[in-house]
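A look at the structure
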Amino acid sequence: MSWDYHKYLHVYAQHSQHQESFIVGNRDALVELRNLIDKALAEGTSIGDFFPSDEEGYQVHIGIVEDEEKFNALEMPYTEQFGEINQHNYFANLTNDPKAPYSPIILFPNDEEKEE
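Residues numbered from 1 in each chain as written. Predicted model: local features only at pLDDT ≥ 70, side-chain atom pairs only at ≥ 80, totals over all residues. Heavy atoms only, no water.

The phi dihedral of Glu55 falls on the positive side, at around 70°, and the residue is not glycine. With respect to the helices, strands and loops of the structure, Glu55 is situated in the loop between strand S3 (45-50) and strand S4 (58-63). You can call Glu55 partly exposed: its relative accessible area is 29%. (Helix = DSSP H or I, 4+ residues; strand = E, 2+ residues; numbered from the N terminus. Buried < 20%, exposed > 50% of the residue type's maximum accessible area, 1.4 Å probe, protein only.)

This is the structure:
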């Protein structure tokens, strides 16, 4: 595939607290990401299609959270985990919700309906 054909984007999450994260991509991908952020600011959520360098496409979901309690109930974005499953060892936010932490997918309940 041609470099100009796809929106190439790599999103690297933090490994653990206080470590850096990175968003890198070609110009088309970064412009599309900016447009998706603008759309999420206007409409609440947006979804875009991107490709890493191995050509395996994926979606980026962007959402605005204006409720502090909901934000505090989201799982931490770190990639490091201990044991065979994610025990949410880094979930340090305070919330009164005993079911927390939640995946950020809860911010996007109707996106598939919106996209159709």
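Still to come is the rest of the account.
This part covers the confidence of the model for the protein chain. For the protein chain, per-residue confidence averages 81 on the pLDDT scale, and residues scoring 70 or more make up 78% of the total. Across the protein chain, the element-wise mean pLDDT spans from 50 in helix H3 (residues 111-115) up to 97 in helix H1 (residues 27-43). (pLDDT = per-residue confidence, 0-100.)

In this section: the nonpolar core. In this structure, Leu9, Ala29, Leu33, Leu36, Ala40, Phe50, Val60 and Ile62 together form the largest nonpolar core, which totals eight residues. For this core, the elements supplying multiple residues, two or more each, are H1 and S4. Residues in contact with Val60, not counting those within four places in the same chain, are Leu9, Ser46, Ile47, Gly48 and Phe50. (Core = buried A, V, L, I, M, F, W, Y, C linked by side-chain atoms within 4.5 Å. Contact = heavy atoms within 4.5 Å.)

For the rest of this paragraph, the subject is the layout of surface pockets. Looking at the largest pocket, its volume works out to about 940 Å³. Val11, Ala13, His61, Pro77 and Pro104 are the residues nearest the centre of the largest pocket, which is lined by 28 residues in total. Breaking the lining of the largest pocket down by element, the ones donating at least two residues are strand S1 (9-12), strand S2 (22-25), H1 and S4. Looking at which element gives the most residues to the lining of the largest pocket, the answer is S4, with six residues. Tallied by class, the residues present in the lining of the largest pocket amount to 20 nonpolar, seven polar and one charged. (1 Å grid on protein atoms, 1.4 Å probe; cavity = no way out; pocket = protein on both sides within 12 Å on 5 of 7 lines; lining within 4 Å. Points joined across faces, edges and corners; volume = space filled by probe spheres on them. Nonpolar A, V, L, I, M, F, W, Y, C, P; charged D, E, K, R; others polar.)

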